[in-house]
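Topology and contacts: notes
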Amino acid sequence: MGADVMDLIVHSAGRDHELRLAMEDLQMDRWLAAQQLLRSTSTNWALRTSRSQALAVGAAKSHAIEAWREEEPHSASALMMWARVLTQRALYAFRDGVRGEKLRRAAYAADQACRAAASARPQDPVPGVCLLALAQTDVDRSWPHNPLNWSEHRDGFLPPGPWTLLNWVHARDPYNREAYHRALQVLQSRGAGDLDFALWVASAAPEGAAVTLLPLYAFVETYRRSIAHSRASSVIAFWATEEKAHYARRGLEWWFNAPAPGPAGQKWQRRDPRTHSLADLNHLAHALTATGVGNAGDVFTAIGPYATPAPWAHVGTNPAWWMDDFRSARDRALGRRR
């Protein structure tokens, strides 16, 4: 069946079939598939980070990880996933409006789990990524802030933020995708410095690094906030600037089309687009079409049926129509008539 008539598949596991099965097991309070999945990605930090995050979302409302931790109390992966789950629960509470002592208790429990996981396996960047995520909740002015969440930036042009934590993760996995996205979310939650941070990271990122796309996420959030406050009158006017076109082109050339090392002694080759984050692919496809840069056909082909609600639900006229907006943009990029 052609991609133009195939139903879109919306699932946080995307095309990762093994991850999907592990997530389904977790929802039934079974953890062996998750254990085996993480064992197979023991030293692939990028894959370990992304898979553990998806697993945590699936396990946050189950008891599977508690059971795993009780069964294997010294397992570094079990401790890491416990940190992931407690972090996810604290974030859910924060986003649901929980504040005060109840939120502080949830964040503290997650913080302690992160530190235990980091002690069990110091080279693993994931516990630090979790601490970066928790920094979003540290906004209560009536309670002393954690200095790790409000450290001064070394270059001085960004506001205080979780820079010590970000440096800790970066030392273990340079330009870890989720770590930089979590730092961006911290600044967005505080309403200052997020775009400057995204542009700074993109300018310094090496070829092939996913954080090259960070400005596209910042632009989407800026537009979403403008719509919420009735300050954006036109989608076209917002995206039709050279700055946004520049970062769309950079994402295509510096990230999507970036070469990957070939086998020993051979030339570099093009990266397999299937290894890219689906969220990144969807943000790039949107940016290329919205800015008029074009050349989004290969990106939509790499996405296949795996559309993600973001950014489409945040930039269209009606969030409920985001699938139609995705299909329309894809049809234009691929030269199709609906």
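To start, this report covers the structure provided alongside it. (Residues numbered from 1 in each chain as written. Predicted model: local features only at pLDDT ≥ 70, side-chain atom pairs only at ≥ 80, totals over all residues. Heavy atoms only, no water.)

**Here's the deal with helix H10 (residues 194-204)**
For an α-helix, the turn length of 3.6 residues means that residues three or four places apart are oriented alike. Buried within H10 are the following residues: Asp 194, Phe 197, Ala 198, Leu 199, Val 201 and Ala 202. Residues of H10 that are buried make contact with helix H8 (163-172), helix H9 (177-190), helix H11 (214-228) and helix H13 (242-256). (Buried < 20%, exposed > 50% of the residue type's maximum accessible area, 1.4 Å probe, protein only. Helix = DSSP H or I, 4+ residues; strand = E, 2+ residues; numbered from the N terminus. Contact = heavy atoms within 4.5 Å.)

**Concerning the nonpolar core**
By size, the foremost hydrophobic cluster in this structure holds 91 residues, and its most contacted members are Leu 55, Phe 197 and Val 299. Among the elements that make up this core, the one with the highest residue count is helix H5 (residues 76-95) (nine residues). If we ignore the near neighbours within four places in the chain, the residues touching Phe 197 are Leu 158, Trp 163, Leu 166, Tyr 180, Ala 183, Leu 184, Leu 187 and Leu 214. (Core = buried A, V, L, I, M, F, W, Y, C linked by side-chain atoms within 4.5 Å.)

**Structural notes on the packing of aromatic side chains**
Applying the stated criterion across every chain yields a total of 14 aromatic pairs. Grouped by ring-pair contacts, the aromatic residues Phe 157, Trp 163, Tyr 175, Tyr 180, Phe 197 and Trp 200 constitute a single cluster. Here the basic side chain of Arg 190 rests over the ring of Trp 150, its NZ or CZ set 3.5 Å away from the ring centre. (Phe/Tyr/Trp six-rings, centres within 6.5 Å; stacked < 30°, edge-to-face > 60°. Lys NZ or Arg CZ within 6 Å of the ring centre and 35° of its normal.)

**Looking at the pattern of salt bridges**
Here the structure, examined in full by the defined rule, presents 16 salt bridges. Notably, a salt bridge pairs Arg 89 with Glu 66, separated by 3.1 Å at the nearest N-O pair. With Arg 89 in helix H5 and Glu 66 in helix H4 (residues 64-71), the pair connects residues that are 23 residues apart, well separated along the chain. Among the ionic pairs, Asp 324 bridges to Arg 327, the shortest N-O distance being 3.5 Å. (Salt bridge = Lys/Arg side-chain N within 4 Å of Asp/Glu carboxyl O.)

**Quick notes on unusual backbone geometry**
Pro 311 follows Ala 310 through a cis peptide bond whose omega is 10°. Among the secondary structure elements, Pro 311 is positioned in helix H16 (residues 309-315). Despite not being glycine, Tyr 175 has its phi angle at roughly 60°, a positive value. Considering the arrangement of structural elements, one finds Tyr 175 in the loop between H8 and H9. Even without being glycine, Asn 295 reaches a positive phi, approximately 60°. One can find Asn 295 in the loop between helix H14 (278-290) and helix H15 (297-303). A relative accessible area of 60% places Asn 295 in the exposed class.

Such coordinate-based values are descriptive only and should not be taken to indicate function.
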